[in-house]
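Residues per chain are reported as follows:
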Amino acid sequence: MSYSAPSSRIAPVTGAAPIAIPAKALLPWAMFGLLLSVIMLYFVGAEQGALSLISGQEVHEFVHDGRHLLGFPCH
């Protein structure tokens, strides 16, 4: 058996160059994410009692475990 050394003509591996995304393109998505986060925080943390926008306990019961996970007391 004979062993041959690997060829020295191996092509270099080039990766894809990262694409620069301008801040103007990210701003609407960042604002949307912030708005969605605030709405979710309201429903998990404050949707009960005097601040309730929706009557009944359906929303409270739906997010009940999330309330305790985030440290909101509810009973």
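Here the residue numbers are simple positions, counted from 1 along each chain's written sequence. Note on the predicted model: pLDDT of at least 70 is required for a residue's local features to be given, and 80 or more for side-chain atom pairs to be given and counted; whole-chain, interface and lining totals, by contrast, use all residues. By convention in this description, side-chain values take in all heavy atoms of the structure and omit both hydrogens and water.

The protein is annotated in an unreviewed UniProt entry as Cobalt transporter from Acetobacter cibinongensis.

Looking at the overall build of the protein
Each helix and strand counted, the protein has 3 helices and 0 strands in total. Ordered by position from N to C terminus, the α and β elements of the protein give α-α-α. Per-residue burial over the protein gives 12% buried out of 75 residues. In this description, contact between two residues means that some pair of their heavy atoms is separated by no more than 4.5 Å. Counting only contacts in the protein whose residues sit at least 6 apart along the sequence, the fraction spanning at least 24 positions is 19%. Of the roughly 6,900 Å² of accessible surface on the protein, 71% is carried by carbon and sulfur atoms. The helix count covers DSSP runs of H or I at least four residues long, the strand count covers runs of E at least two residues long, and both are numbered beginning at the N terminus. Throughout this description, buried means an accessible area under 20% of the type-specific maximum (1.4 Å probe, protein chains only), exposed means over 50%, and partly exposed covers the range between. In short, Shrake-Rupley with a 1.4 Å probe defines the accessible areas, and a residue's cover is counted only from the protein chains shown.

Here's the deal with the packing of aromatic side chains
Classification of ring pairs rests on two measures: the distance between centres of Phe, Tyr or Trp rings, Trp counted by its six-membered ring, which must be within 6.5 Å, and the angle between planes, read as stacked under 30 degrees, edge-to-face over 60 and tilted in between. Tallying each qualifying case throughout the model produces 1 aromatic pair. Seen in terms of ring centroids, Trp 29 and Phe 32 are 6.4 Å apart; in terms of plane orientation they differ by 90 degrees. Their pairing is edge-to-face. A residue pair is termed a helical-turn pair when its members lie 3 or 4 positions apart in one helix, as Trp 29 and Phe 32 do in helix H1 (residues 23–45) at 3 residues.

Considerations on the UniProt feature "transmembrane region" (unreviewed entry) in the protein
UniProt positions are given in the numbering used here, feature names are shortened, and annotations may be inferred rather than shown by experiment. In the numbering used here, UniProt assigns the feature "transmembrane region" (unreviewed entry) to residues 26–45. Taken as a whole, residues 26–45 contains 100% helix and 0% strand, while its terminal C-alpha atoms sit 28 Å from one another.

What about a nonpolar patch on the surface?
The patches described consist of residues with a relative accessible area above 30% and no salt bridge, like charges being joined within 9 Å and nonpolar side chains (Val, Leu, Ile, Met, Phe, Trp, Tyr) within 5 Å. Each salt bridge in this description consists of a side-chain nitrogen of Lys or Arg and a carboxyl oxygen of Asp or Glu lying within 4 Å of one another. Residues Leu 27, Met 31, Leu 34 and Val 38 make up a contiguous nonpolar surface patch of roughly 410 Å² in combined accessible area. Summarising the element assignment, Met 31 is placed in helix H1.

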